[in-house]
Amino acid sequence: MLINKAVRSAAVCCAGLILLTGCGSGDSSSDSAGSDVSAAKDVFAMDTFMTLKAYGPDAEPALDAAADRIAELEKTLSVTDKSSDIWRLNSSAGQPVEVSSDTMTILQKAAEVYDKTGGALNICLYPVLRAWGFTTSEYRIPGDEELRELLENTDCRKVVLDGMTAELPSDYQVDLGALAKGYTGDEIMETLRENGVDSAIISLGGNVQSLGTKPDGSMWKVSVRDPFSPDTDMCVVEIGEKAVITSGNYERYFTGEDGNVYWHIIDGADGYPADNGLVSVTVIGDCGLDCDALSTALFVEGYPDACEQWRKSRDFEMILVTDDGKIYYTEGLSGSFTNISSMPAEVIPDA
Ligand code: ADP
Ligand code: MG
C-alpha cells in the first residue's frame, strides 16, 4: 500500500524547497537597488544543509552570530548529544528535568498542535521512528505487535510541562525533529535583526524563511519542489517576510524488503508512515515554528482535515499535493502563486 509514485520517481533525496531568487547565485555586491553589500554562509547542522544570505553593511558579522545560535540550538535540541535537553529528558526515567526556554517553547508548541490536530503531530513517536530505523538509517519494517506495544507509550498529553520543567512518563521518549528547524529559522531571523540586518533569506534543508523584503523592496521568490520529481520545481510563491515550510514523503525514505516504500513521517494511529493521500504539504506563515509544526501535522492528517484546519484558523496559507498528482492552494496565495508544473492546480474551496 505504501508504494507511491512520488517516491519511486525521486532521483534526489533532498529537501522540498529551493530558493529561486532569494539565495541565488552571485552573493556579493550590488544585488539590486537599496543595498550594495551582502554575505552568504553555508552551515551543516541538525543533519541539514543550511544556506543563509543577508544584506547590508552588517551582514557578515550578523551571519557569524546566526551560525553561533544554530550551533547552540543544535546542542540543546539534539536527540543524540548526551548534553542536550532532549537527551536528559529521554533518559530521565520519569523524573522532572529542567530545560532551557528554547526547549520549553518548542515543547509547548508541540503540546498545543498535538491537541489541535487530534494527535497528528506527536513528538512522543520517537521510539516508533527508532523501530523503523529512521534515526540511524539502519532501516527495517517493524512487526505489527512491536508497533502496537511501542504506541502504548506515545500519549503526548502525559508529558507534563511546568514552568521550566518537563516530565515524561518512564518509557517515553521525545524528538523535536518536526519543529526544530522552524524554531531555528525564527531564532536566526531574530539574531540577524539584533545584529543590524533587515533583509535576509535562509534555507534550512528546504525550509525557507525571509526577513524583510529584498534590498530593492521587491518580494522574494521561493520555489517549492515537485514531490514527484524533487530535483525540479513545481511552483513559485512571492513572499514578503514569511516562513515557507514543506513536509514531503520524498525527503527521507527507504524501500523495504517487501518492495514497498516507507518514509519518515509517522501516523500515530498505526505506527506506519502517514499515507493519507498527501505527498507534500507546504505551510506559509509568519512564524517558522508554527509552520513547521503544522506542515508535519497536516501531512499526517490528509487533505480533508488539512483543509478543515485551515478553514478554522485562516492564519496561514498552504499548498497541498495529493498522491494522484494535483496541487491545491489557499486563496490567499492567488496573487502570488505560479504553477510551473504539468499538474493541475486549484484553489481550496471556502467550505
Ligand atoms: P523534515 O524534518 O524532513 O523537514 P518534518 O518537519 O515534517 O520534515 O519533520 C519530520 C521529522 O519529524 C521526522 O524525521 C521525525 O523526526 C519527526 N516525526 C515523524 N513523524 C512525526 C509525527 N507524526 N509527529 C511529530 N514528529 C514526527
Ligand atoms: Mg515539520
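All of these numbers come straight from a predicted model, not from anything done at the bench. (Residues numbered from 1 in each chain as written. Chains lettered and ligands numbered in written order. Predicted model: local features only at pLDDT ≥ 70, side-chain atom pairs only at ≥ 80, totals over all residues. Heavy atoms only, no water.)

Engineer: When you look at helix α8 (residues 288-301) in this model, what are you seeing that I'm missing?
Structural biologist: Three- or four-residue spacings in an α-helix give side chains the same orientation, since the helix completes a turn every 3.6 residues. Between the first and last C-alpha of α8 there are 20 Å, a value that for 14 residues agrees with the 20 Å anticipated at 1.5 Å per step. Most of α8 is tucked away: 13 of the 14 residues are buried. (Helix = DSSP H or I, 4+ residues; strand = E, 2+ residues; numbered from the N terminus. Expected span 1.5 Å × (residues − 1). Buried < 20%, exposed > 50% of the residue type's maximum accessible area, 1.4 Å probe, protein only.)

Engineer: How should I be thinking about the site of ligand 1 in this particular structure?
Structural biologist: With respect to spatial proximity, 18 residues lie near ligand 1, and among them Asp175, Ser247, Glu251, Ile266 and Thr296 are the closest. One nitrogen or oxygen atom from the main chain of alanine 120 is found 3.0 Å from a nitrogen atom belonging to ligand 1. At a separation of 3.1 Å, an oxygen atom of ligand 1 approaches a polar side-chain atom of lysine 181. Bound to the protein, ligand 1 loses 94% of the 570 Å² it would expose on its own. For the shell around ligand 1, the element with the most residues is α8, which contributes three residues. A breakdown of the residues in the shell around ligand 1 according to their chemical character gives eight nonpolar, five polar and five charged. Residue contributions to the shell around ligand 1 reach at least three from each of two domains, namely domain 1 (17-75 + 198-347) and domain 2 (76-177). (Near = heavy atom within 4 Å. Polar contact = N/O pair within 3.5 Å; in protein donor to acceptor, adjacent residues only side chain to side chain. Areas by Shrake-Rupley, 256 points an atom, 1.4 Å probe, with all protein chains shown as cover. Nonpolar A, V, L, I, M, F, W, Y, C, P; charged D, E, K, R; others polar. Domains from an automatic or database assignment.)

Engineer: Please explain the side chain of glutamate 187 as it appears in this structure.
Structural biologist: Along the chain, glutamate 187 turns up in helix α7 (residues 180-194). Overall, the relative accessible area of 17% leaves glutamate 187 in the buried class. Residue contacts for glutamate 187: discarding those within four places in its chain leaves Arg69 and Leu73. (Contact = heavy atoms within 4.5 Å.)

Engineer: Could you clarify how one ought to interpret the confidence of the model for the chain in this entry?
Structural biologist: Close inspection of predicted coordinates is inappropriate in any region flagged by low pLDDT. When pLDDT is averaged across the chain, the result is 91; 90% of the residues are at 70 or more. Every residue in residues 1-34 scores below 50 in pLDDT, and together they form 111 contacts with partners more than four places removed in sequence or on other chains. (pLDDT = per-residue confidence, 0-100.)

Engineer: What is the right way to look at the coordination of the magnesium ion (ligand 2) in this model?
Structural biologist: For a metal bound by four donors in a tetrahedral arrangement, the ideal donor-metal-donor angle is 109.5 degrees, while six donors in an octahedral arrangement ideally sit at 90 or 180 degrees. Each protein donor to the magnesium ion (ligand 2) is listed here as Ala178 (O), Asp292 (O), Asp292 (OD) and Thr296 (OG1); together their distances run 2.1 to 2.4 Å. In terms of primary sequence, the donors binding the magnesium ion (ligand 2) are separated according to A-x113-D-x3-T. On the criterion of sequence distance, the pair formed by alanine 178 in the loop between β6 (165-167) and α7 and aspartate 292 in helix α8 is long-range, its members being 114 residues apart. Pair check on accessibility: alanine 178 and aspartate 292 agree, each one buried. (Donors = N, O, S within 2.8 Å, 3.2 Å for Na, K, Ca; no water.)

Engineer: Looking at this structure, I do not really get the environment of glutamate 331. What am I missing?
Structural biologist: Mapped onto the secondary structure, glutamate 331 falls in the loop between β16 (327-329) and β17 (337-339). You can call glutamate 331 partly exposed: its relative accessible area is 36%. Measuring from C-alpha to C-alpha, the distance between glutamate 331 and valine 347 comes to 5.7 Å, with 16 residues separating the pair along the chain. Aside from chain neighbours lying at most four places away, what touches glutamate 331 is Trp310, Arg314, Glu317, Val347 and Asp350. In this structure the side chain of glutamate 331 is engaged in a polar contact, spanning 3.5 Å, whose partner is the side chain of arginine 314.

Engineer: Explain the packing of helix α4 (residues 101-116) against α8 to me, please; I cannot follow it from the model alone.
Structural biologist: The angle between the axes and the distance between the axes are what describe a pair of packed helices. Relative orientation of the contacting elements α4 and α8 amounts to 40°, with a least axis distance of 10 Å. Classified by the angle their axes make, α4 and α8 are oblique. Remark: the crossing between α4 and α8 carries right-handed chirality. Along its contact with α4, which presents Thr105, Ile106, Lys109, Val113 and Lys116, the element α8 presents Leu289, Asp290, Ala293, Leu294 and Ala297. In the contact of α4 with α8, the residues fall into six nonpolar, one polar and three charged. (Axes fitted to C-alpha atoms, helices over the stretch in contact; angles between N-to-C directions. Parallel < 35°, antiparallel > 145°, perpendicular 65-115°, else oblique. Left-handed = near helix turned anticlockwise from the far one by under 90°.)

Engineer: Sorry if this is basic, but what is going on with the packing of aromatic side chains here?
Structural biologist: The relation between two aromatic rings is expressed through the spacing of the ring centres and the mutual angle of the planes. On inspection of all chains with the given rule, the structure shows 11 aromatic pairs. Between tyrosine 55 and tryptophan 220 the ring centres are 6.1 Å apart and the planes differ by 40°, which places this aromatic pair in the tilted class. Separated by 165 residues along the polypeptide, tyrosine 55 in strand β3 (residues 48-55) and tryptophan 220 in strand β9 (residues 220-226) bring together distant segments of the chain. Tryptophan 220 matches tyrosine 55 in its accessibility class, with the two residues each being buried. Through a chain of ring-to-ring contacts, the aromatic side chains of Trp132, Phe134, Tyr139, Phe254, Tyr262 and Tyr272 assemble into a single cluster. Of note, arginine 314 hangs over the ring of tryptophan 310, and the distance from its end group to the ring centre comes to 4.6 Å. (Phe/Tyr/Trp six-rings, centres within 6.5 Å; stacked < 30°, edge-to-face > 60°. Lys NZ or Arg CZ within 6 Å of the ring centre and 35° of its normal.)

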